[in-house]
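Summary of structural features
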Amino acid sequence: MKARARRAGVVAGAALAASLMTVTTAAAAGPPMPEFRGRGLVHVFSALDYRTRVDVHDVSGYRRTVLWPLNWKVCSQSPAAGRQLNGQAVTIGVVKKTEKCPGG
């Protein structure tokens, strides 16, 4: 009788652990990536979680360093809008606000 009760406890504990892992995994999946193209670079930093790594690159061909986000607009992004953010780095391609994005 004791063995059966012990076995039932182990099975119930395993089921509880499995359900907790499912909830934790679902919570770990991040929100979808917003659409940033055409918006100011400042919007990227205000919309994403502060723990998200954001790599910003000048895509104009001039290889400028991006120092003041207010002066730049987004031309490209990776991951694409709507994709799940799961803790990966976000790559943003920018040009000065007065410039046109390359290729369009």
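Residues numbered from 1 in each chain as written. Predicted model: local features only at pLDDT ≥ 70, side-chain atom pairs only at ≥ 80, totals over all residues. Heavy atoms only, no water.

Looking now at the overall build of the protein chain. On a plain count of helices and strands, the protein chain comes out with two helices and three strands. Mapped from its N terminus to its C terminus, the protein chain presents α and β elements in the order α-α-β-β-β. For the protein chain, buried positions account for 20% of its 104 residues. Carbon together with sulfur atoms contributes 59% to the accessible area of the protein chain, which is approximately 7,500 Å² in total. (Helix = DSSP H or I, 4+ residues; strand = E, 2+ residues; numbered from the N terminus. Buried < 20%, exposed > 50% of the residue type's maximum accessible area, 1.4 Å probe, protein only. Areas by Shrake-Rupley, 256 points an atom, 1.4 Å probe, with all protein chains shown as cover.)

What follows covers the state of the cysteines. Following the criterion strictly, the structure yields one disulfide and no others. Here Cys75 is linked by a disulfide to Cys101, with a sulfur-sulfur distance of 2.0 Å. A torsion of -85° about the S-S bond marks the disulfide between Cys75 and Cys101 as left-handed. Placement of the pair is Cys75 in strand S2 (residues 72-78) and Cys101 in the segment after strand S3 (90-96), with a sequence separation of 26 residues. Taking the relative accessible area as the measure of exposure, Cys75 reaches 16% and is therefore buried. For Cys101, a relative accessible area of 21% corresponds to the partly exposed category. (Disulfide = S-S within 2.5 Å.)

Glancing now at the pattern of salt bridges. All chains considered together, the criterion is met by five salt bridges. The salt bridge involving Asp55 is made with Arg53; its shortest N-O contact spans 3.0 Å. For Glu99, the salt bridge is made with Arg64, and the minimal N-O distance between the two is 2.8 Å. Of the two residues, Glu99 is situated in the segment after S3 and Arg64 in the loop between strand S1 (54-58) and S2; the sequence distance between them amounts to 35 residues. Shared partners join several salt bridges into a network, and the residues in it are Asp58, Arg64 and Glu99. (Salt bridge = Lys/Arg side-chain N within 4 Å of Asp/Glu carboxyl O.)

With that out of the way, let us pick up the environment of Ser46. Tracing the sequence through the fold places Ser46 in helix H2 (residues 41-47). At a separation of 3.1 Å, a polar atom in the side chain of Ser46 contacts the main-chain carbonyl oxygen of His43. (Polar contact = N/O pair within 3.5 Å; in protein donor to acceptor, adjacent residues only side chain to side chain.)

Looking now at unusual backbone geometry. Backbone torsion omega between Ser78 and Pro79 reads 5°, so that peptide bond is classified as cis. Locating Pro79 in the fold gives a position in the loop between S2 and S3.

To continue, consider the confidence of the model for the protein chain. For the protein chain, per-residue confidence averages 82 on the pLDDT scale, and 71% of positions sit at 70 or higher. Between residues 10-27, whose pLDDT stays under 50, and residues either more than four places distant or in other chains, the model counts zero contacts. (pLDDT = per-residue confidence, 0-100. Contact = heavy atoms within 4.5 Å.)

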